[in-house]
Each structure stands twice: as C-alpha cells, then as structure tokens.
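Summary of structural features
Residues per chain, in single letters:
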Amino acid sequence: MKSLKPSKVKIENNTKIGVIVISKGIDEVYALLDVEAMKTICGVGEYLIANNIHGETVLCNIVDITQFNSLLSDELAQFNNVSPYSSELLRNSSGFAAKLKVVGVINEDFTIKSNITCVALLSEVYLADNDLLNSIFSNGNVELGHLTVRPSIPVAVDAKTLCSRHFAILAMTGAGKSNTVAVLTEKLHEKTKGAMNIVIIDPHGEYTKMKHNSEINILQPVLDPSQLFPDQLSKAIGLNGGASVQKSYLTYAMHTVKYHCKGRPRVYGKEYLDKIEEKLVEWIDKLNNADSKSVTIRYYDGVKLRTKTLKKDDESSINRVIEKLRIYINKNKDILGHHKSMFNIQSDKINILDLSKVDEEEMITVVSDFLKKTLKERIKATHGQELYIREFELPTLVIIEEAHIFASKNMNDKSSYWLNKIAKEGRKFGVGMGIVSQRPKELNPTVLSQTNTKIILKIVEPNDQNYIQMSSENIGNDLLHDLPRLGVGEAVIVGSSLQIPAMVKINKYNGKLGGTDGFEFLKNI
C-alpha cells in the first residue's frame, strides 16, 4: 500500500518530527521527538503518523509527553554533578519522549481501519497535516466544534448515526452541558427542518428562551390521570404501599367511572378525577344515610359489575382516599387536561417540553406518557396504521435533560421503562434518543449503554468516570484520564457518529439560554 505521507507539515524542516523507538504490541508505541519540532506541536492529543511493519500508514495520538536530559540523573540529589557542563551542552542533551496510542491504519479513502501489527521500529514520525485531519473529522454533516489541538479543523458528526443509534451528553456542573445541547440541537434543526421532530424534555426551563437562528415551540406539560393504571394513580396521590384497602376503593371508583362513560364523550384530566371523587362521596353518603351499619354498592372491577358490602369501618378508608385525591387535584389543577394537547409538535421548530413548574413526581408521570405515546405512535406510523397523534408521521428525536430523573438505576418508574424500550427498539421505528446528565452514575446502565455516541465534557468524580467507562467499549483508560483535564466547553466524543474518538472544543452557542448561575452577581462585588 502506498504510504500516505503528509503533504503539509508545519515544522521547519518540513519532514519528520521524530522516530519510533519502542513498540509495545499493536496499540502503544513510544517516539523520540525533535526538540525543534516540539515548538510546533500543541501537546497531548496531537495527531501524528508513522508506518507499521507492513508499510501501512498509521494514525497515532499523543497520550503523554516526557522531557529528559541524558546528562541528568533521575535523582535530584545528583544535580550538583552537572555543574561542570555548560548550559549549551545541557540544552543539546535534552529531548522529548512521547507515548503514542495507535488509532488505526489510514486507508487511501481516509477511512480508518484497525491496526493489526506492530509499528515499525525507527519508523519516521510525521505531524498529521490539516488536509488529512479534515478528511477524517470533517466529513459528517453536523458540526459541533473543532479539534482542541487544531482549531482550524472542524469536527462534524454523522446525523443519521447520532440520532438512530442514540447519544449521551455527560458532564459535571458548569462544564458546558447546556451549551453543547443547544449547539447540537440547532445544527440538527438546520439540517432536518420539516423532516424530523426534535423535542427537548426540559425540567428547568433552560431551553425555553433559546434565541438565535432557530425558532422554538413550547409544549405545555399535561397530566391526564385517565391514562394511568390504578397503581400509578395510587402512587401519584400518595397512597403508600401499606394502604391496600384505600387503594382498592380508588381502583373500584376508577373502573366504575370508566364503565359509566362507555358510549359517552370520554372524560379526562380534572373532570375524570372529579368523577372519581363524586363516586367515592356517593358511597360515603349512601353509608351515612343508611339505617343499618352496612350498605351494598355496585362497582365495576374492570371485567364485570359486582356488588360489595360497605361497613362503617370502611368510611375512614374512603374518606382518606377522597382527601388525598383533593390534595392532588388542587396541587396539579394547572396541568390536568387531555394528554393530546401536549403533542402540538411542529417539525419546523425546536420543540421544548417545559417542566419547570412541575414537581418531580409529576414530571416522571408526564415524561412517561410522552415517551409511551411517541414510541407507540411511531410503531403505528412504521406499519402504515392510522395515527392518533398526526405529528408522529415523522421520525422523532427526543433529548432528555436531567435524564437521571427519568432513567434511574432502579428502573422503578414508568419513564425508565419507556426510555429503556426506546433505547432498545426506537431505531427500528424512527425514534432517536439523547440523554443528558450531570450525574452519570445515577443513570440506568442499560439505557446508558445503548447510547452509541457519547459526548463527555469535564468529569472529575472517579465513580462517574468508571460508570461511563463500563457503559462503553470505546472508552479506554487513556480517554478516561483526559476527562478531569478538560476545560469548560471541551469534550471527548466517542462512538460511530465519528470515525475515531476526538477531543473537541464545542462551538459557543450564539443565542440565548434560560439557565443562569444563581451566583452570577458575585462577579461584580
């Protein structure tokens, strides 16, 4: 195979910058670098090329750099021994050794394949030129930023792979997570406007004020209790695990209300809960107005009408359910409604589901319903069936901020269940998923492992780092080592939407975001 020596090498002698001196297996080599060449090398993360023993050109990445002097002992105590030497002699005896990770073999079409043999000892090492790096990193269609070591080299990911095989944006607080989401979303919107739905699930209202080239459409959260199963509504109104009698009366009332609504206009939202309350009050009144200590009520159990004897002892349990129900209605009256109104999605805009005024428990219920409807409607669309929500005729990307709330480790919540379903099955039905979190170790491991592309900004906490590594076969110890050293807005991108892992400076979002630092005022004191 023809060697692909760089056509433009930014060093003074315009040729080599070093030589391979140690080859450890097929993935790791060490090179001695020319002192003068070091003036043009950015440092760790820089890209170099050399040849393997088959004569193929391999791309390498600088993992670490050490400066040495052949006249100096490793022991500082021996420093006095160098006093006879001139400063010029000491300078001429200095050098640099670089540990390189072998990224892969560069094909003639500038794709990268695995290297399966040793890099040749004494192989000349070249600085990879800009044309080569452009061919490798800039052939995607969604530009996110530039190489940290080469600001002139744009980094663009493949939109199809990114969306269909899911992605994660992970970072510690203040590392640039929201900016990354905004840049990515805007670029995707520019490329797919009108051809794909983009929805950001926004717990804190950070993206509701996005202002730049992209128009946004705010989706209002809706709680529709008529869509909940009895155990879900029981949990929502606060009936704990031991309240089995209270749960049974709530279940009877729910089924009975739905039974009596058959053949009539469907009830939903607050009206549905009001009718449940009315049914429970009806049973209490019947018990209180009875001459005897018990009465018989008729209820529907989900299969057929049945009768049950109510006793005076049951009154307190039913009253407790009524009390819980009234508290729940009063707390959520502003968001109770028909769930379909939450899906006024516009494909020519970035859609923001604003959950900033919703408590966490209700957030989980709202998001669960949203994800469930998204996947089910897209399954119907794929099979050519009539849609209940017409907006889902188009493929849909859902980006979930604070994903650890909705995809928790324990998988107890319905939102975790539906995120898991989308992670595993969404690709077949045109549902893409992006999860965003500053608490990686609290994410469900199955959901995280299904995100093929990971955009990881600065993360210092070792448990978070290890958890991320366990979720991806593409993240080695060398990349893990880089995470604490990243600056604000810098990210490691790994996954099949990019040919090879890259350390990237994410572009600055030129618009406006709603999220602010509550301590911003301290800058002016």
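First, a word on scope: everything that follows refers to the structure included in this document. The shown structure was predicted, so the numbers you read here are calculated from the model rather than taken from an experiment.

**Here's the deal with the nonpolar core**
Ranked by internal contacts, the top residues of the largest apolar core, which has 84 residues, are I201, L233, I276, L280, F370 and F406. Not counting residues within four places of it along the chain, the set of residues in contact with F406 comprises I201, P203, L355, M363, I364, V367, I400, E401, S415, S416 and L419. One finds L59, L133, V142 and V436 within the second-largest nonpolar core, a separate group that totals 51 residues.

**Some remarks on the packing of helix α9 (residues 360-382) against helix α11 (residues 414-425)**
For the pair α9 and α11, the least separation of the axes is 8 Å and the interaxial angle reads 30°. Judged by the angle between their axes, α9 and α11 are roughly parallel. Like other packed secondary-structure pairs, α9 and α11 cross with a definite hand, here left-handed. On the side of α9, the interface is formed by I364, V367, S368, L371, K372, L375 and K376, while α11 contributes K414, S415, W418, L419, K421 and I422. Its residues assigned to classes, the contact of α9 with α11 shows seven nonpolar, two polar and four charged.

**Section: helix α4 (residues 177-192)**
Here α4 spans 22 Å end to end across 16 residues, near enough to the 22 Å set by a 1.5 Å rise per residue. The element α4 is largely enclosed, with a buried count of 13 among its 16 residues. The positive-phi residue at the C-terminal boundary of α4 is G194, with phi of around 85°.

**Describing the sheet that holds strand β12 (residues 216-219)**
Pairing is mixed across the open sheet formed by eleven strands, whose spatial order is β9-β8-β20-β19-β18-β10-β17-β16-β11-β15-β12. Across the chains shown, the open sheet's two edge strands, defined by having one partner strand only, are β9 (154-157) and β12. Across this sheet, the average inter-strand angle for adjacent strands is 30°, counted without regard to direction. Here strand β19 (residues 490-494) runs beside strand β20 (residues 502-506); their pairing, made up of four bridges, is antiparallel. Among the inter-strand pairings, V492 is bridged to a residue of β20, identified as M503.

Cut-offs and rules
- Residues numbered from 1 in each chain as written.
- Predicted model: local features only at pLDDT ≥ 70, side-chain atom pairs only at ≥ 80, totals over all residues.
- Heavy atoms only, no water.
- Core = buried A, V, L, I, M, F, W, Y, C linked by side-chain atoms within 4.5 Å.
- Buried < 20%, exposed > 50% of the residue type's maximum accessible area, 1.4 Å probe, protein only.
- Contact = heavy atoms within 4.5 Å.
- Axes fitted to C-alpha atoms, helices over the stretch in contact; angles between N-to-C directions.
- Helix = DSSP H or I, 4+ residues; strand = E, 2+ residues; numbered from the N terminus.
- Parallel < 35°, antiparallel > 145°, perpendicular 65-115°, else oblique.
- Left-handed = near helix turned anticlockwise from the far one by under 90°.
- Nonpolar A, V, L, I, M, F, W, Y, C, P; charged D, E, K, R; others polar.
- Expected span 1.5 Å × (residues − 1).
- Pairing = 2+ DSSP bridges.

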